[in-house]
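If you want the building blocks of each chain, they are given just below.
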Amino acid sequence: MSPQPQAAVGAPLSRVDGRLKVTGKALYAAEHDVKGALHAVIVDASVGRGRIASIDTRAALAQPGVLKVIHHGNAPKLPYRDNPASNNPTDGRRLRVFQDDHVLFHGQPIAVVVAATLEAAQHGASLVKVEYDERKPSTDLEKGKADKPTTYARGNAEAGLRNAPVRMDLTYRTARNHHNAMELHATIARWDGNKLTVWDKTQWVVGTQTELSTVFGVPMDSVRVISPFVGGGFGSGLRCWPHVVVAALAARELKRPVKLVLNRRQQYFGTGFRPAYEYRLRLGSDRRGRLAAMVQELDAETSSYEKFTENVMYAGQMMYSMPNVSQAYRTVPLDVNTPIYMRGPGFATASYVIESAMDELAAKLGIDPIELRRRNEPSEDESTNLPFSTRRLRECYTTGAREFGWTQRSAKPRSRREGDWLIGMGMAAGVYDTARMPAQAHVRLDADGTAVVDAAASDMGPGTYTSQTQVAADALGLTMRTVAFRLGDSLFPPTPPHGGSMTMASVGSAVLDGCNRVRQQAIKLAVEDRESPLYGAEARDVIVRGGRLHLNSEPARGETYQRLLTRNKRSHVEALGSFAGPAAKERHSFYAYNATFAEVAVDAALGLVRIRRVLGVYDAGRIISPKLADSQAIGGMVGGIGHALLEHTVTDHRDGRIVNANLADYLVPVNADVPDLKAIYLDGEDPNADPLGVKGLAELVMIGVAPAIANAVFNATGRRVRELPITAEALL
């Protein structure tokens, strides 16, 4: 089969949905006009643990416009039937809203006020009076009792440490982080008999559909989830949260559509977070820096009613060559809501610890940090004994060092100064799992020469609409203008979660397969049609460009899709494309890699840290859209800057209240914090990973940023900070 021309893939195209967004025509969850919708406002628990002694709703119900207050005392019992396909990322337990009087964390939904207007619902919620039998909550990671650990080991790490000439024992701490996407989480729910439709902010319409089916005990095909646009998610939309159930429950009870929008404060205890970690790492090497042993002991917060874990162990198993590794990963149940995946889940935390420790070892041995990493580069994945599909970290180091001017770095900390500012440079390596999951996409080519591609995917900002259109346009031989890609509806063919950097590999491969099938159907029709200029030609010699089928060796011999289908009285050609996901038994180890470089300035008197520039070099397979990739990389670097210097959720351990649950006190980077960010992508692809040859990018671009900054701060000041975020107080 002659390869299709690639006019769209690889081109720096603008977003196909960009005009809708900048003109306000893109509809987000709360903006859908659902006729007759009521408004709901959640009443949150004001204690961190205990039981509800009483709820007085009389004042709320007396307010004009308030229609009902639902709570555990009058809510119907929901079946919460078992469903193995549920998108609950935990051990199967759930927060069963309004099903009993238990309070498990501060801010837990304990009632909902439904009214004709938002203002009436808000005022009504403020009038609900709740009395509690209160207990002191446990919310401090350092004081909690850990679960039984998940472990990994190879070799004999303790013996390896004892025998190592150079040993280090380091403890790092990372703060809890919240996602803080621009769009607030919102749900509109409507029942039509026993059929439920929800317009929801979600990164997985199929997962939300499954969860609602589970909670309400209705068939999957009785639930429809619609989510065409998501205003940022970063992982916060990867599961169906209690407020979605509350909206659906209220709609069923009132027999009217109900709209429920969380406010900014409620998102701090309603939609998950990156858990805080205490991470001890003991490292041993010889005097030339060859790693001999590493012992990692990790404690991470989870909720008391669910057990959340993430892939925080992988990087420590395969990133560097060493014969002896031991890991123990413990979750610590606390009286908090359940954490959830946040950009670069697990790997971002592990990268900060491991890459900071590598920098500390380099400084202790007097070895350049890049050279130390080169000396410990593995030839295969030592955790699985599988060859790497691709691993071009050495090239990332070389390219990054050259482009960043690494030779300007002084190996002696605190030796470069510009006025009041101490200048430092640091670097770190990054790795992220190349995730792929089964996906499907429906492709229809119409007789007018246009095509529609449907998949139940999401687009929270990376540009799914655009990148999938690029793949489809090239595979069908059409222009971008003649292809429409539709997503965000559970009626469309199923796709995996829009997270874990798996959308392009999974959904894109399904789109490619479906479009190839449709193109091949059209080619077969042409070569078998006696009236076609292509009659009798070898199908493998036919390509399509600009909607016109022709011989690759004889471009003048051909015809358009439109003419072919019209003549054959075919209104359309269609196919269901699919991607099976990874093989049951992998033959390679699949990861994407980066090298991140950072330069900082630190005020010598005040301890203020300012980012001067960041460079990332990525081994991420084939880049479908360079323009979208740059957007991803810059966003990831900004997230990494926040992780390193600003973001920190503060809890009052007396009652479990989050003190800084707002964007005035929870700090995120702004334009002034990000002056010079640049991304470089190594040319290439990974044909073993998926048919497109792509690897995930969205998580990778954040991983390594925080340790690169931390290492630059050490180079500038000579002070090693082992806790994120790095504050001015820590540097004084």
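Since the structure is predicted, the reported quantities are computational estimates derived from the model, not experimental observations. (Residues numbered from 1 in each chain as written. Predicted model: local features only at pLDDT ≥ 70, side-chain atom pairs only at ≥ 80, totals over all residues. Heavy atoms only, no water.)

(A) Summary view of the overall build of the chain. Helix and strand counts for the chain come out as 17 helices and 30 strands. For 732 residues, the compact-globule formula gives about 27 Å, and the C-alpha radius of gyration of the chain, at 27 Å, lands near that figure. Taken over 732 residues, the chain has a buried fraction of 61%. For the chain, restricting intrachain contacts to residue pairs at least 6 apart in sequence, the fraction spanning at least 24 positions comes to 82%. Summing over all exposed atoms, the chain offers an accessible surface of approximately 28300 Å²; the carbon and sulfur share of this is 49%. (Helix = DSSP H or I, 4+ residues; strand = E, 2+ residues; numbered from the N terminus. Rg over C-alpha atoms; globule rule 2.2 N^0.38 Å. Buried < 20%, exposed > 50% of the residue type's maximum accessible area, 1.4 Å probe, protein only. Contact = heavy atoms within 4.5 Å. Areas by Shrake-Rupley, 256 points an atom, 1.4 Å probe, with all protein chains shown as cover.)

(B) Quick look at helix H6 (residues 242–254). The end-to-end C-alpha distance of H6 is 18 Å, a good match for the 18 Å that 13 residues give at a rise of 1.5 Å each. Pro242, His243, Val244, Val245, Val246, Ala247, Ala248, Leu249, Ala250, Ala251 and Leu254 are the residues of H6 that are buried. (Expected span 1.5 Å × (residues − 1).)

(C) Region of interest: the packing of helix H12 (residues 464–476) against helix H13 (residues 503–528). The N-to-C vectors of H12 and H13 enclose an angle of 30 degrees; their axes lie 8 Å apart at closest approach. By the criterion of interaxial angle, the relationship of H12 to H13 is roughly parallel. Pair H12 / H13 crosses with right-handed handedness. Contact residues: H12 offers Thr464, Ser467, Gln468, Val471, Ala472, Ala475 and Leu476, while H13 offers Thr503, Met504, Val507, Gly508, Val511, Leu512, Cys515, Asn516, Val518 and Arg519. Its residues assigned to classes, the contact of H12 with H13 shows 10 nonpolar, 6 polar and 1 charged. (Axes fitted to C-alpha atoms, helices over the stretch in contact; angles between N-to-C directions. Parallel < 35°, antiparallel > 145°, perpendicular 65-115°, else oblique. Left-handed = near helix turned anticlockwise from the far one by under 90°. Nonpolar A, V, L, I, M, F, W, Y, C, P; charged D, E, K, R; others polar.)

(D) Main features of the packing of aromatic side chains. On inspection of all chains with the given rule, the structure shows 15 aromatic pairs. When the centroid spacing of 5.9 Å and the interplanar angle of 20 degrees are considered together, the rings of Phe105 and Tyr305 count as stacked. Residue Phe105 is located in the loop between strand E4 (102–103) and strand E5 (109–115), and its partner Tyr305 is located in the loop between strand E14 (291–303) and helix H8 (314–318); the two are separated by 200 residues in the primary sequence. Classification of Tyr305 by relative accessible area gives buried; the value is 10%. (Phe/Tyr/Trp six-rings, centres within 6.5 Å; stacked < 30°, edge-to-face > 60°.)

(E) Highlighting the side chain of Arg239. Tracing the backbone shows Arg239 in the loop between strand E11 (223–226) and H6. Taking relative accessible area as the criterion, Arg239 reaches 8% and is therefore assigned buried. Among the polar contacts listed, one links the side chain of Arg239 to the side chain of Glu306, at a separation of 3.0 Å. (Polar contact = N/O pair within 3.5 Å; in protein donor to acceptor, adjacent residues only side chain to side chain.)

(F) Seen up close, the nonpolar core. Tyr320, Val600, Tyr618 and Ile709 are the most contacted members of the largest nonpolar core, which totals 92 residues. A total of 10 residues in this core trace back to one element, the largest contributor, which is helix H9 (residues 347–365). If we skip the residues at most four places from it in the chain, Tyr320 touches Arg154, Leu291, Ile354, Glu355, Met358, Arg373, Asn376, Pro378, Glu382, Tyr397 and Ala429. With 52 residues, the next largest nonpolar core counts Phe229, Met504, Ala526 and Leu551 among its residues. (Core = buried A, V, L, I, M, F, W, Y, C linked by side-chain atoms within 4.5 Å.)

(G) View of helix H11 (residues 393–404). An ideal rise of 1.5 Å per residue puts 16 Å on 12 residues; H11 measures up with 16 Å between its terminal C-alpha atoms. Of all the residues in H11, the buried ones are Leu393, Cys396, Tyr397, Thr399, Gly400, Ala401 and Phe404. Looking at the buried positions of H11, the neighbouring elements they touch are helix H10 (369–375), strand E17 (421–433), strand E25 (591–603), strand E26 (609–619) and strand E29 (677–681). Immediately downstream of H11, the backbone of Gly405 shows phi near 75 degrees, a positive value.

(H) Seen up close, the sheet that holds strand E21 (residues 542–545). In space, the 3 strands of this open sheet follow the order E21-E22-E23, with antiparallel pairing throughout. Strands at the two margins of the open sheet, each flanked by one partner only, are E21 and strand E23 (558–560). If you compare each strand with its neighbour and ignore which way they point, the axes differ by 25 degrees on average. Where E21 and strand E22 (residues 548–551) come together, 4 bridges link them in antiparallel fashion. The partner of Arg545 across the bridge, within E22, is Arg548. (Pairing = 2+ DSSP bridges.)

(I) Region of interest: the pattern of salt bridges. Scanning all chains against the criterion turns up 44 salt bridges. The salt bridge involving Glu211 is made with Arg94; its shortest N-O contact spans 2.7 Å. You can see Glu211 sitting in helix H5 (residues 205–216) and its partner Arg94 sitting in the loop between strand E3 (66–71) and E4, a full 117 residues away along the chain. Across the pair, Arg94 and Glu211 agree in class, each one buried. Residue Lys678 pairs with Glu403 through a salt bridge whose shortest N-O separation is 3.8 Å. On the criterion of sequence distance, the pair formed by Lys678 in strand E29 and Glu403 in helix H11 is long-range, its members being 275 residues apart. Classification of Glu403 by relative accessible area gives partly exposed; the value is 40%. One continuous salt-bridge network, built from bridges that share partners, spans Arg416, Glu418, Glu599, Arg612 and Arg613. (Salt bridge = Lys/Arg side-chain N within 4 Å of Asp/Glu carboxyl O.)

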